Amino acid sequence: MQTVKEIARHVLQHHYEKPISSRTDHLLTFSDFRARYCHYKNTLLTDQDIWLVIRYLHRNAGVAIADDEKSSGSPYMIVKFPESNETESAKAEITMHDKTLVKLRYTSEVLNIQVDKLQSRLEEFAKISQIQNAQGHRPQALYALKRKKHLETLLHQRLQSLETMEAMLLKFESSLNDMQLVEAFNMGADALRSILKDNNITVEMVDATMVKLGDVMEDQREVETALSQGMEDVNQTQFPIDEDELENELRELDEKEAQMKELPSRQESVSAPPPAHSESELARLNALMASVGQSAEPPRHSPNQSPDRERRHSAGAQLEPAM
């Protein structure tokens, strides 16, 4: 058989394992508590069992119960868990805001139940009017329609009340959350002020610290400059270097590089002489064409020279070289 202590431990573990998004999540009514924790290891707890568990949590776990609503099963009975279970001394405290919030929640739940019942009765009378009218019972059909109209009016009023109640409940919960934020801001501001006061942190102290830091950084830069200059002096002493000699050597390297770039172009121009065979062949063709042109000219005759004398003259010209 399960003991009250085991059930109470299970309730605490289940409650604090859930993510808490608002301070109101720690606030429950008896109905809410019963709906969440009425089952434990396949065992259905009665209202009396649940009341015993709540009393045990109130005595040993810091769970608060509303003083004016300690009767078992009261719809307004408030059960409030501590905001943290990390310390055994943590205890919850129920305020007037908590009581108001619980009553608003309960009223909203009651209005939701009334709306559901009115909607069911309205649909019921609508069916009755249809059935009575189909059977020819006109008075009964008219009566059902009248009841339906009354229920529609009442349903409309309840819906308006429910809308107003839920809006008020939402604003109330938002106000409680805002108050929690303001409290957290105040706690943070007080803690920060305490830290500044305990450590004597002031504007003058911060300014002095920054000046000191600037002096230290300047000293570090001077040390680095001295080290760099010292290393240069040591290198100059151990390995003396003539800057003019380096400049001349660099200039010679540039000239050699320029000469190396010009050398390939000169080699290309020198290594490409015109072909002699082609030029001699062209000269031979030109001479041949010139001789052909001379032989093709017609003989010129003087008007006083006869053909016979011309033939003798040409024959004598041919014999002269042989002599």
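See the structure printed just above.
So, here is what we can say about the structure in this document. The model shown is predicted, which means the values in this text are computed figures rather than measured ones. (Residues numbered from 1 in each chain as written. Predicted model: local features only at pLDDT ≥ 70, side-chain atom pairs only at ≥ 80, totals over all residues. Heavy atoms only, no water.)

### Quick look at helix α5 (residues 138-198)
Thinking step 1. For α5, built from 61 residues, the straight-helix expectation of 90 Å at 1.5 Å per residue is met to within 8% by its first-to-last C-alpha distance of 89 Å.
Thinking step 2. Taken together, the buried positions of α5 are A141, A144, K148, L151, L155, L162, M165, L169, F172 and L176.
Thinking step 3. For α5, the secondary structure elements touched by its buried residues are α4 (96-134). (Helix = DSSP H or I, 4+ residues; strand = E, 2+ residues; numbered from the N terminus. Expected span 1.5 Å × (residues − 1). Buried < 20%, exposed > 50% of the residue type's maximum accessible area, 1.4 Å probe, protein only. Contact = heavy atoms within 4.5 Å.)

### Topic: the packing of helix α2 (residues 30-37) against helix α3 (residues 47-60)
Thinking step 1. The contact between α2 and α3 brings their axes to 11 Å, and the two run at 105°. Classed by the angle they form, the pair α2 and α3 counts as roughly perpendicular. Where α2 approaches α3, its residues F30, F33 and R34 are matched on the opposing element by D47, I50, W51, V53, I54 and L57.
Thinking step 2. Grouping the amino acids of the contact of α2 with α3 by side-chain chemistry returns seven nonpolar, no polar and two charged. (Axes fitted to C-alpha atoms, helices over the stretch in contact; angles between N-to-C directions. Parallel < 35°, antiparallel > 145°, perpendicular 65-115°, else oblique. Nonpolar A, V, L, I, M, F, W, Y, C, P; charged D, E, K, R; others polar.)

### Notes on the pattern of salt bridges
Where side chains of opposite charge bring their charged atoms close, a pairing between them can arise.
Thinking step 1. Enumeration according to the criterion identifies seven salt bridges in this entry.
Thinking step 2. Between E152 and K148 there is a salt bridge; the shortest N-O distance is 2.6 Å. Placement of the pair is E152 and K148 together in helix α5, with a separation of four residues, close to one helical turn.
Thinking step 3. Residue classification places E152 among the partly exposed positions, given a relative accessible area of 29%.
Thinking step 4. Note that D190 is salt-bridged to R193, the shortest N-O span being 3.3 Å. Taken as a pair, D190 and R193 lie in helix α5 at a separation of three residues, close to a single helical turn.
Thinking step 5. A relative accessible area of 47% means that D190 is categorised as partly exposed. (Salt bridge = Lys/Arg side-chain N within 4 Å of Asp/Glu carboxyl O.)

### What about the sheet that holds strand β5 (residues 78-80)?
Thinking step 1. Spatially, the three strands line up as an open sheet ordered β1-β5-β4, and their pairing is antiparallel. Two strands bound the open sheet, and with one partner strand each, they are β1 (27-29) and β4 (64-65).
Thinking step 2. Against the sheet, α2 touches β1 and β5, its axis set at about 90° to β1. (Pairing = 2+ DSSP bridges.)

### So, the side chain of H15
Thinking step 1. Mapped onto the fold, H15 is located in helix α1 (residues 4-17).
Thinking step 2. The class of H15 is buried, set by a relative accessible area of 2%.
Thinking step 3. Excluding residues within four positions of it along the chain, H15 makes contact with I20, D25, H26, R36, Y37 and F81.

### Section: the environment of K117
Thinking step 1. Here K117 is to be found in helix α4.
Thinking step 2. When the C-alpha positions of K117 and L155 are compared, they lie 9.4 Å apart, and in sequence the two are 38 residues distant.

### Focus: the packing of aromatic side chains
Thinking step 1. This model, assessed by the stated rule, comprises three aromatic pairs.
Thinking step 2. Ring geometry for F33 versus F81: centroids 6.4 Å apart, planes at 15°, classification stacked. In this pair, F33 sits in helix α2 while F81 sits in the loop between β5 and α4, placing the two residues 48 residues apart along the sequence. With respect to class, F33 is no different from F81; both count as buried.
Thinking step 3. Grouping aromatic residues by their ring pairs yields a cluster made of Y16, F33, Y37 and F81. (Phe/Tyr/Trp six-rings, centres within 6.5 Å; stacked < 30°, edge-to-face > 60°.)

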